[in-house]
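# Remarks on the overall topology
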Amino acid sequence: MTTTLISGGTVVSATGRAAADVLIDGEQVVALLQPGSELLGTSVAASVDRVIDATGKYVIPGGIDAHTHMQLPFGGTEASDTFESGTRAAAHGGTTSIIDFAVQTYGQRIEDGLAAWHEKAAGNCAIDYGFHQIVGDVNEASLAAMAKLPDEGISSFKLFMAYPGVFYSDDAQILKAMQVSRDTGMLTMMHAENGPAIDVLAQQLVDQGKTDPYYHGIARAWEMEEEATHRAIMLAKLTGAPLYVVHVSAKQAVEQLAWARDKGQNVYGETCPQYLYLSLEDQLGASGPEWGSFEGAKWVCSTPLRSREEGHQHSMWQALRTNDLQMVSTDHCPFCMKDQKELGLSDFRKIPNGIGSIEHRMDLMYQGVVTGEITLERWVELTSTTPARMFGLYGRKGVIQPGADADIVVYDPNGHTSIGLEKTHHMNMDYSAWEGYEIDGKVDTVLSRGKVVVEGDAYVGAKGDGRFLKRGLSQYLI
Ligand code: DUC
Ligand code: ZN
Ligand code: ZN
């Protein structure tokens, strides 16, 4: 087994930072040492197989992106990143684990949907991966199958209050699924938007000739998110289910979460980089030479981008500081403009919903440290430690300590990252939703279970390095 010493860096955790060397044996961390430590009169550095010099750099637990959609069949097409391309891009960006959503479609058995997802991922991933289960058809058989998911290492499932006719569950179905959540301890993850009402608004806009991508965000008004978030909270209260609301973008939805949490309910929420940085106004202003006003399709996702004037982005950052939101995931769901987003050229409802960000989450959140929105420790907590705790991986992942997997990122605060299609882009997309973003920091070296997979700008890992992660129940609830 290879022994590695990451020396001279500042090890950053969710609770502090310290100058320390990290000793790795094979796939695991075995010790945090005083810098320059000796063993039986010999420097540790001289006795290991490999030394990674982290002088002047941060040494952090690898990022965990708990919300991704590789190869998701959606909107008449399929998300453009495969498990291979998406996890490789993740590694480039300092993410060393993902939790993707296995899908049960309407009429399908959960067992079959899950098996299909294992087939897509197995042997293809660059980093470790786990699954949540999307339940797109709540019925007696799926409720019974859901209860067995924890035995498979799947301790969370997602329901949709949006997308009627696709993934939508009505309140009766949600109630029944939440009873399973209560009985098993599985976390209910909720896409909280009032889908039926949104569909009416969207139809009315199209009838008025308002078909540009911008109107996607008008139809999906924040009231639709606030209302659904409140309803999900009340159903969770009634049933006693723990609730995790995904991709929160409206400040009013955060207020609902804060209200429920203040009353002692087990309710959590994530936001995504797009809701921290991008806005509806940016989407309206976007009209490039190639796509004209359809340029805005690049940022069509659900929940949608929100108005900056209304202060949603500011509220998201604030909620990350106050712990009204606990985590940042990407909802990575990439589509190309060509042949995919352009399905909605004449009708925004036909644009496949999704943004690709898996490669940039760690950088974009680090920029929040640079601009003073969050601390260095909170950066680690939001992107790695809490995702591990929330989804039953903590101890193995999300922390640098003896016994933990050596998933480690050496991050250079003196480096620089220029995001753009021609510059730093490894996702399988023909555009970048983050073109032109500049980051005052850079991923330097990435280790996945002790193996160096990214060195500088080079990927040096291999397809199939990543293993399936059997997760336990949420450790955030204990
Ligand atoms: N939102 C998206 O933007 N894409 C995939 C599914 C979702 O809920
Ligand atoms: Zn969703
Ligand atoms: Zn999603």
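Everything quoted here is computed from the prediction, not taken from an experiment.

## Here we look at the packing of aromatic side chains
In this structure the tally under the stated criterion is 21 aromatic pairs. With a centroid separation of 6.4 Å and 65° between ring planes, the pair formed by F83 and F131 is classed as edge-to-face. With a gap of 48 residues between them, F83 in helix 2 (residues 83–92) and F131 in strand 14 (residues 128–135) connect regions that are remote in the sequence. When sorted by exposure, F83 lands in the same class as F131, which is buried. Consider the rings of Y277 and W317, whose centres lie 5.6 Å apart with planes at 90°: the pair is edge-to-face. Of this pair, Y277 sits in helix 10 (residues 273–277) while W317 sits in helix 12 (residues 312–322), and the two are 40 residues apart along the sequence. Residue Y277 shares its accessibility class with W317, and that shared class is buried. Each member of the aromatic cluster is reached from another via a ring pair, and the members are Y58, Y366, W379 and Y411. It is K120 that lies over the ring of W117; its NZ or CZ is 4.1 Å from the centre.

## Re the site of ligand 1
As a matter of local geometry, ligand 1 sits amid F74, K158, F160, Y163, H191, H247, C301, S302, D331, C333, N353 and G354. Contacts to ligand 1 include Y163, whose side-chain N or O atom sits 3.5 Å from a nitrogen atom. Between a nitrogen atom of ligand 1 and a main-chain N or O atom of N353, the distance comes to 2.9 Å. A total of 240 Å² of accessible area belongs to ligand 1 in isolation, and the protein chains cover 100% of it. Class assignment of the residues belonging to the shell around ligand 1 gives a composition of five nonpolar, five polar and two charged.

## Thoughts on the sheet that holds strand 9 (residues 58–61)
The strand order across the open sheet formed by seven strands is 3-2-9-20-23-24-25, and the pairing between neighbours is mixed. Only two strands of the sheet have a single neighbouring strand rather than two, namely strand 3 (17–19) and strand 25 (458–459). Taken together, the two bridges between strand 24 (residues 451–455) and strand 25 define a ladder with antiparallel strand orientation. Its bridge partner being in strand 25, E455 is matched across the sheet by A458.

## Some thoughts on the UniProt feature "domain: Amidohydrolase-related" (unreviewed entry) in the protein
In the numbering used here, UniProt assigns the feature "domain: Amidohydrolase-related" (unreviewed entry) to residues 58–199 and 312–453. Helix makes up 34% of residues 58–199 and strand 30%, whereas the separation of the span's terminal C-alpha atoms amounts to 47 Å. In this annotation, residues 312–453 is assigned 25% helix and 15% strand; the end-to-end C-alpha distance for the span is 37 Å.

## A few points about the coordination of the zinc ion (ligand 2)
Where a metal carries four tetrahedral donors, each ideal angle is 109.5 degrees; where it carries six octahedral donors, the ideal angles are 90 or 180 degrees. Those donors, K158 (NZ), H191 (ND1) and H247 (NE2), are the protein atoms that reach the zinc ion (ligand 2), and they lie 2.1 to 2.4 Å from it. Taken together, the four donor atoms coordinating the zinc ion (ligand 2) and their angles of 83 to 129° define a geometry best described as irregular. Within one chain, the residues donating to the zinc ion (ligand 2) are spaced in sequence as K-x32-H-x55-H. In this structure, the zinc ion (ligand 2) lies 3.7 Å away from the zinc ion (ligand 3).

Rules used throughout
- Residues numbered from 1 in each chain as written.
- Chains lettered and ligands numbered in written order.
- Predicted model: local features only at pLDDT ≥ 70, side-chain atom pairs only at ≥ 80, totals over all residues.
- Heavy atoms only, no water.
- Phe/Tyr/Trp six-rings, centres within 6.5 Å; stacked < 30°, edge-to-face > 60°.
- Helix = DSSP H or I, 4+ residues; strand = E, 2+ residues; numbered from the N terminus.
- Buried < 20%, exposed > 50% of the residue type's maximum accessible area, 1.4 Å probe, protein only.
- Lys NZ or Arg CZ within 6 Å of the ring centre and 35° of its normal.
- Near = heavy atom within 4 Å.
- Polar contact = N/O pair within 3.5 Å; in protein donor to acceptor, adjacent residues only side chain to side chain.
- Areas by Shrake-Rupley, 256 points an atom, 1.4 Å probe, with all protein chains shown as cover.
- Nonpolar A, V, L, I, M, F, W, Y, C, P; charged D, E, K, R; others polar.
- Pairing = 2+ DSSP bridges.
- UniProt positions renumbered as here; feature names shortened; annotations may be inferred.
- Donors = N, O, S within 2.8 Å, 3.2 Å for Na, K, Ca; no water.
- Tetrahedral: all angles 85-135°; square planar, octahedral: opposite > 155°, others 65-115°.

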